Amino acid sequence: MKDKTIDYLLRTTWLAVNKMYNEEAAKFDSTMATGFTLLSIDPENGTPSTSLGPIMGMEATSLSRILKKMDELGLIERKPNPEDGRGVLIHLTDFGKEKREYSRDRVLTFNDAVRNNLSEEKLKHFQEVTETIIELISNKKIYNQKQTV
């Protein structure tokens, strides 16, 4: 384990999580991406379509495809944004709320399983490590450093 790079550990862990969620979602004719989107939409007030991408860390074109599919499946509906005449709010349908609860349950089950197998100290260190990685990337402290000769 100590010879493996940090990016390898992150990538293989995420791929395993992704596969697990997709296997669970497939039992209900869904995908992890759809479940993640359902969880990112405010179930009461809807979410502006323009803020959904940044919330999810997803490019607009990828999100567009997911939303189109979700619309076709009857999971969401688009309504004009009363605060911005040019904008659209994405709302969950009753069916979307039902699927959202399933997705929420799967995420909480995963969280509980991990939490039950790790100490609070290890979880705290994991959070610190991931926050540091995000901070290094966000502040371009990895590849955009000024190089000194």
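Since the structure is predicted, the reported quantities are computational estimates derived from the model, not experimental observations. Starting afresh in each chain, residues are numbered from 1 along the sequence in its written order. Totals for whole chains, interfaces and linings use all residues, but because this is a predicted model, local features are given only for residues with pLDDT of at least 70 and pairs of side-chain atoms are given and counted only at 80 or more. Excluding hydrogens and water, the side-chain figures rest on all heavy atoms present in the structure.

A.B. asks: What's the story with the sheet that holds strand E2 (residues 76-81) in this structure? I'm lost.
C.D. replies: Sheet strands associate in pairs through backbone hydrogen bonding, adopting either a parallel or an antiparallel arrangement. Here 3 strands make up an open sheet; going across it, the order is E1-E3-E2 and the pairing antiparallel. Both edges of this open sheet fall to strand E1 (47-48) and E2, since each of them pairs with a single strand only. At least two DSSP bridges between two strands are needed for those strands to be called paired. In this text, helices come from DSSP runs of H or I with a minimum length of four residues, and strands from runs of E with a minimum of two, each type numbered from the N-terminal end. Here 6 bridges tie E2 to strand E3 (residues 84-92), and the two strands are oriented antiparallel to one another. The partner of Pro-80 across the bridge, within E3, is Val-88.

A.B. asks: What am I meant to see in the packing of helix H2 (residues 32-40) against helix H5 (residues 94-115) here?
C.D. replies: The packing of two helices is summarised by the inter-axis angle and the distance between the axes. For every element, the axis is a line fit to its C-alpha atoms; helices are fit only across the contacting stretch, and the angle between N-to-C directions ranges from 0 to 180 degrees. Where H2 contacts H5, the axes come no closer than 9 Å and their chain directions differ by 105°. If you check the angle between H2 and H5, you find them roughly perpendicular. From H2, Gly-35, Leu-38 and Leu-39 reach across to H5, where they touch Gly-96, Lys-99, Arg-100, Ser-103, Arg-104 and Val-107. Basically, the charged four are Asp, Glu, Lys and Arg, the nonpolar ten are Ala, Val, Leu, Ile, Met, Phe, Trp, Tyr, Cys and Pro, and anything else, Gly included, counts as polar. Residue classes in the contact of H2 with H5 are distributed as 3 nonpolar, 3 polar and 3 charged. To sort the angles, those under 35 degrees are grouped as roughly parallel, those over 145 as roughly antiparallel, those from 65 to 115 as roughly perpendicular, and the leftovers as oblique. Should any heavy atoms of two residues lie within 4.5 Å, those residues are counted as being in contact.

A.B. asks: What is the right way to look at the side chain of Thr-47 in this model?
C.D. replies: Looking at where Thr-47 falls in the secondary structure, it is placed in strand E1. Partly exposed residues are those whose accessible area sits between 20% and 50% of the maximum for their type, while under 20% is buried and over 50% is exposed, using a 1.4 Å probe and protein chains only. Given the relative accessible area of 5%, Thr-47 is considered buried. Among the polar contacts listed, one links the side chain of Thr-47 to the backbone nitrogen of Asp-42, at a separation of 2.8 Å. When residues no more than four places from it in sequence are discounted, the contact partners of Thr-47 are Ser-40, Ile-41, Asp-42, Leu-52, Ile-55, Val-88, Leu-89 and Ile-90. We call two N or O atoms a polar contact when they sit within 3.5 Å, provided that within protein one can donate a hydrogen and the other can accept it, with sequence-adjacent residues counted only if both atoms are side-chain atoms.

A.B. asks: Explanation requested: the pattern of salt bridges in the structure shown.
C.D. replies: A side chain with one charge can pair with a side chain of the opposite charge if their charged atoms come near. Salt bridge, as used here, is a side-chain nitrogen of Lys or Arg placed within 4 Å of a carboxyl oxygen of Asp or Glu. In total, this model carries 11 salt bridges according to the counting rule given. Residue Glu-24 is joined to Arg-106 by a salt bridge in which the shortest nitrogen-to-oxygen separation is 3.6 Å. With a gap of 82 residues between them, Glu-24 in helix H1 (residues 6-26) and Arg-106 in helix H5 connect regions that are remote in the sequence. Via salt bridges that share partners, Glu-24, Lys-27, Asp-105 and Arg-106 belong to a single interconnected network.

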